[in-house]
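Tertiary structure, described
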Amino acid sequence: MALRVIDYPRRGKSGLRHWLPSWRLVASTLIAFVLLVTGGAWAVYASIDVPPINESVTQQHLTVVDDKGVVLGRRGPEIRQDVPLSQVPAQVQNAFLSAEDRNFWSDGAISVTGTARALVNDLGGGSTQGGSTITQQYVKNAYLTDERTLSRKVKEAVIALKISQQQPKSQILQGYLNTVYFGRGASGVEMGARAWFNKDVGQLSVAEGAVLAALVNAPSYYELAPKDPNVMAKLQGRWTYVLDGLVKMGKLSQTDRAAVQFPALAAWPRPSSQSDNQDPYLVEAAIGEAEAKTGLTREQLVTGGYTINTTFDSKMQDDAAAAVQAQITSQLNPTKRSVDSYVHTAIATVVPGDGAVRVLYGGDDYAKQAFNASWQGTLSPGSSFKTFALAAYLQKGGTLNDTFDGDSPFRVPNSQQVIPNEGGTSYGQVSVQYALNQSINSVFVELGQQIGMTKVADAARAAGIPVTAAEQSLPTLPLGVVSTNPESMASAYGTFAAHGEQVDPYTVASVVQGGKTVYAHQSLAKQAFTPVVADQVTQGLQGVVTNGSGGGAQLSDGRDVAGKTGTTDLPGDGTKLGSVWFVGYTPTLSTAVAVWGQTEGGVLMPINGMAGKDTVGGGAVAAPLWAAYMNKAVAGTQAQSFTFTAQNNQAVPMNPLSSSPSGTPGTTGSTPGQSSTGLPSPPAPTSTYQPPVTPPSSTTGTTGATGGTTGTTSGNPPSTSNSPGSPGTSTTQSRPSQPSGRPTTTGGLLPQSGG
């Protein structure tokens, strides 16, 4: 007879009792079931570990802001940035609890009924159900996926239980708020606030917080609310549910509830503007410098939740773009004039004495041209470089009143090279100030010969413009045969505005992560020139604007401006203009403007006749552009006068400086009389250089636009612009690699230059 473990059907019983299990059997079966379920549950619980947090949650995007906190752009795999719970207003926190888990602070980590209901509905193909606690939703967002499977639901519940034992409720709520999705590409409550209300989360009202809490239910669907009345009605219905829940929770009074109105939503996508095209230029420049200054890689920056606080002023950047559009772009017609298709413009603005870069305009649209010529390229600055020759001369004891022979051409001593003035014009004996005003080449080449080109090169280097040994050896160095860019020139001129204090330009003020500063810039000022010399340079450059070639740079409110024009020629006969410049400053801002010609392939082109202009030069094109931009840049700011700090060690308005005693370098003739401005009265040109009727048979080197040997006969020098001396303008499209994160002026202009 077989052994029976379970006495069923019951032996010795008849009728209905034979088929009814005994109470012992029922009890033992129930106990066995409970043990089986409990053991199975424990086995499942023990087998599921808390996995590493999702990489997408640990990776936060990079935010780049301007000097006033305006967001210039974001970079990273997901638009998300964590904030501590303390930065989320209590009523905004309560709004999420009202929407998703009203008993969060008191109940457990999981909702058995809610999970079961959601699971049955999901598996049955119904609409997605919430049904989960905030802890479960945080687990799904941070550790799991959105897949609708039984195994995922089980893992969610188990991990939620374990997380609740490891983390306090406040940390779980913080994690949830930083990982929940709000639509519009925004994850986390901080980015949700910015996407829907253009605010930081700490600035949200209870009404706005209720909208964000309502969005969680179906964020992608609610994105359509501003354009679909039916969707808007459902969003407002969900919003009402959240606010009514706050009343039931005792977190909002009936009176306050009645006063709450549905808030206005931010437009999406945001309306396009000029800044949409300009901001990427600034963002990329800042990232490059932040890499160099912090030692962090680009990947670390764009995935680590960093914020780069820059020195840029987005309004001024837009002002620069608007000025270029009005002064240059709108006047170009490539279909009518082929030259107009080659025209490029760059603008850079730096704060004197600090080095903070406010503007780097190097193109009208980043999507079309990512290369930013205002700091990544190189150009010859032409006659705007004469300022450094002037500084070197003043350092040697010269004055603005000293006189030189302004006749054309100037014959370089111990050389067959001759340097003509623009148009071959001769001026006779002129003061240094007048030569600066009129940008007379012969005077500045002679001046450079007198003090030595090493002194000129050293002055440029002291101001922040590198000069190579090859460039230093050229007699045309004072005319700008160097490689530089608008940012460097604006910074170098800022040295004179700051009474001789030189500081390197920078764009990154600080880098912050999680509220902690990981990098903060410190400007290191060097006394490149004495205040007397720097202020004399400023005085001289004021004369260029008030009485010389830079008249177009005068500002509409009459505030003090000092600056210098510049024009360069392309190689050839000296008639092909390569670029035009104006570099100038007020007491508070130093700005360089350059306009040049170049094909998309990088071939340099002349800009003669651009925009149908009969006259193209630094004074005719660059100076008016400078003024159009700077009028907007300084609008609403207090006008300041240039000061002469060396006078009794007190800041007083700049006065014209008296001439040095006789015998100072450069006094080769009588000093012209004084004008009402206190500066030498400009003499009239004495003659215009005319070549011999019959040129010599031998061919000698003549310095034309190239600053080198052009191969023309000595009796027929080519006409030059105000600043011959470079083989033309050039842009070098290589990113900087030096530790400072800012570019050196490299390559391209002189065959002798090695970069």
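Counting restarts for each chain: residues are numbered from 1 in the order of the written sequence. With pLDDT at 70 or above as the cut-off, local features in this predicted model cover only qualifying residues; side-chain atom pairs require 80 or more to be listed or tallied, and sums for whole chains, interfaces and linings still use all residues. Calculated side-chain values reflect all of the structure's heavy atoms, with hydrogen atoms and water omitted.

1. Considerations on the overall build of the protein chain
Only DSSP runs of H or I reaching four residues or more are called helices, and only runs of E reaching two or more are called strands; each is numbered from the N terminus. When helices and strands are tallied, the protein chain shows 24 helices and 20 strands. A simple rule labels every residue: compare its accessible area, found with a 1.4 Å probe on the protein chains alone, to the largest value its type can have, and call it buried under 20%, exposed over 50%, or partly exposed in between. Across the 755 residues that make up the protein chain, the buried fraction comes to 52%. Contact definition: two residues touch when any of their heavy atoms are within 4.5 Å. Sequence separation of at least 24 residues holds for 70% of the intrachain contacts in the protein chain that already meet a minimum separation of 6. Methods summary: accessible areas were calculated by the Shrake-Rupley approach with a probe of 1.4 Å, and residue burial reflects only the protein chains presented. Accessible surface computed for the protein chain: about 31,600 Å², of which carbon and sulfur atoms make up 53%.

2. Looking at the sheet that holds strand β18 (residues 577-585)
Read from one edge to the other, the open sheet built from five strands follows the order β7-β6-β19-β18-β17, with strand pairing classed as antiparallel. Every interior strand has two partners, whereas the edge strands, β7 (357-361) and β17 (562-569), have only one. Direction aside, neighbouring strands of the sheet carry axes that sit 10° apart on average. Paired strands are those between which DSSP finds at least two bridges. Here β17 runs beside β18; their pairing, made up of eight bridges, is antiparallel. Note that in β18 the partner of Thr 565 across the bridge is Phe 582. As a rule, the C-alpha atoms of each element are fitted with a line to give its axis, helices using only the stretch in contact, and angles between N-to-C directions run from 0 to 180 degrees. Sitting on the sheet, helix α23 (residues 531-547) is in contact with β17 and β18, with an inclination near 70° to β17.

3. Some remarks on unusual backbone geometry
Residue Pro 409 follows Ser 408 across a cis peptide bond; omega there is 0°. Note on placement: Pro 409 falls in the loop between β8 (403-405) and β9 (410-411). The phi torsion at Arg 184 lies on the positive side, around 55°, for a residue other than glycine. The buried category is assigned to Arg 184, whose relative accessible area is 6%. One non-glycine residue with positive phi stands out, namely His 499, at about 60°.

4. As for the nonpolar core
Nonpolar core, defined: a set of buried Ala, Val, Leu, Ile, Met, Phe, Trp, Tyr and Cys residues in which side-chain atoms within 4.5 Å join the residues together. Residues Ile 308, Phe 385, Phe 388, Leu 477 and Phe 529 are the most contacted members of the largest nonpolar core, which totals 81 residues. A per-element tally of this core places helix α17 (residues 386-395) first, with seven residues. Sequence-distant contacts of Ile 308, defined by excluding residues within four places in its chain, comprise Leu 62, Thr 63, Val 64, Val 65, Ala 286, Ile 287, Ala 290, Val 508, Ser 510 and Val 511. Counting 54 residues, the second-largest nonpolar core is a separate cluster that includes Trp 196, Ala 207, Val 242 and Leu 243.

5. A look at the packing of aromatic side chains
Each aromatic ring pair is summarised here by two numbers: the centre-to-centre distance and the angle between the ring planes. Paired rings are identified among Phe, Tyr and Trp, the last through its six-membered ring, by centres lying within 6.5 Å, and are further divided according to the angle between planes into stacked (under 30 degrees), edge-to-face (over 60) and tilted (the rest). Per the counting criterion, the structure on display carries 16 aromatic pairs. With a centroid separation of 5.7 Å and 65° between ring planes, the pair formed by Tyr 393 and Phe 404 is classed as edge-to-face. Note that Tyr 393 is positioned in helix α17 and Phe 404 in strand β8, a separation of eleven residues in sequence. Considered together, Tyr 393 and Phe 404 belong to a single accessibility category, that of buried residues.

6. Here we look at the pattern of salt bridges
Salt bridge criterion: a side-chain nitrogen from Lys or Arg within 4 Å of a carboxyl oxygen from Asp or Glu. What the rule picks out here adds up to 16 salt bridges. Where Glu 284 meets Arg 75, a salt bridge forms, and the shortest distance between an N and an O atom there is 3.2 Å. Taken as a pair, Glu 284 in helix α14 (residues 274-294) and Arg 75 in strand β2 (residues 71-75) lie far apart in primary sequence, 209 residues in all. Look at Glu 284 and you get buried, because its relative accessible area is 11%. Across the pair Glu 190 and Arg 194 runs a salt bridge, and its minimum N-O distance is 2.9 Å. One end of the pair, Glu 190, and the other, Arg 194, are both in helix α9 (residues 189-197), four residues apart, so they sit about a helical turn from each other. The same class applies to Glu 190 and to Arg 194, which are both buried. A network of salt bridges, in which partner residues are shared, links Asp 67, Lys 68, Asp 313 and Arg 358.

7. Quick notes on helix α12 (residues 229-248)
Residue count minus one, scaled by 1.5 Å, sets the expected span of a helix. Here α12 is 20 residues long and its end C-alpha atoms lie 28 Å apart, about the 28 Å a rise of 1.5 Å per residue gives. The complete set of buried residues in α12 reads Val 231, Met 232, Leu 235, Arg 238, Trp 239, Val 242, Leu 243, Gly 245, Leu 246 and Val 247. Any pair of nitrogen or oxygen atoms within 3.5 Å is treated as a polar contact; in protein, a donor-acceptor pairing is required on top of that, and neighbouring residues in sequence qualify only through side-chain atoms on both sides. Measuring from the side-chain oxygen of the N-cap residue of α12 to the backbone nitrogen of Asn 230 gives 2.9 Å; that N-cap residue is Asp 228. Positive phi appears at Gly 250, one or two residues downstream of α12, with a value of about 80°.

8. As for the pairing of strand β1 (residues 62-65)
Alternating positions in β1 separate into two faces, Leu 62 and Val 64 on one and Thr 63 and Val 65 on the other, with burial throughout. Here β1 runs beside β2; their pairing, made up of four bridges, is antiparallel. In the strand pairing of β2, Thr 63 is matched with Arg 74. Linkage of β1 to β2, two consecutive antiparallel strands, is achieved through a turn of five residues, within which Gly 69 is found at a positive phi near 90°. Where β1 lies against strand β5 (residues 306-310), three bridges are found, and the strand directions are parallel. When the sheet's bridge partners are listed, Val 64 is paired in β5 with Ile 308.

9. Focus: the side chain of Ser 590
Within the secondary structure, Ser 590 sits in strand β19 (residues 590-597). Within polar-contact distance, the side chain of Ser 590 engages the backbone nitrogen of Gly 494 at 3.4 Å. Aside from chain neighbours lying at most four places away, what touches Ser 590 is Ala 348, Thr 349, Val 350, Pro 352, Ala 490, Tyr 493, Gly 494, Gly 584 and Tyr 585.

10. With respect to the confidence of the model for the protein chain
pLDDT is defined as a per-residue confidence score from the predictor, taking values between 0 and 100. For the protein chain, per-residue confidence averages 81 on the pLDDT scale, and residues scoring 70 or more make up 76% of the total. Confidence, read as mean pLDDT per element, is least for strand β20 (residues 687-688) in the protein chain (34) and greatest for helix α22 (residues 486-497) (98). Residue range residues 646-755 is modelled with pLDDT below 50. Its contacts to residues more than four positions away, or to other chains, number 305 contacts.

11. Thoughts on the pairing of strand β15 (residues 516-520)
Bridge analysis of strand β14 (residues 508-513) against β15 gives four bridges, and the strand direction is antiparallel. Looking at the pairing, Val 512 lines up with Thr 517 of β15. Between the end of β14 and the start of β15, which pair antiparallel, lie two residues, with Gly 514 showing a positive phi angle near 55°.

12. Description of the environment of Pro 505
Structurally, Pro 505 is set in the loop between β13 (501-502) and β14. As a C-alpha pair, Pro 505 and Val 351 span 154 residues in sequence and 8.5 Å in three-dimensional space.

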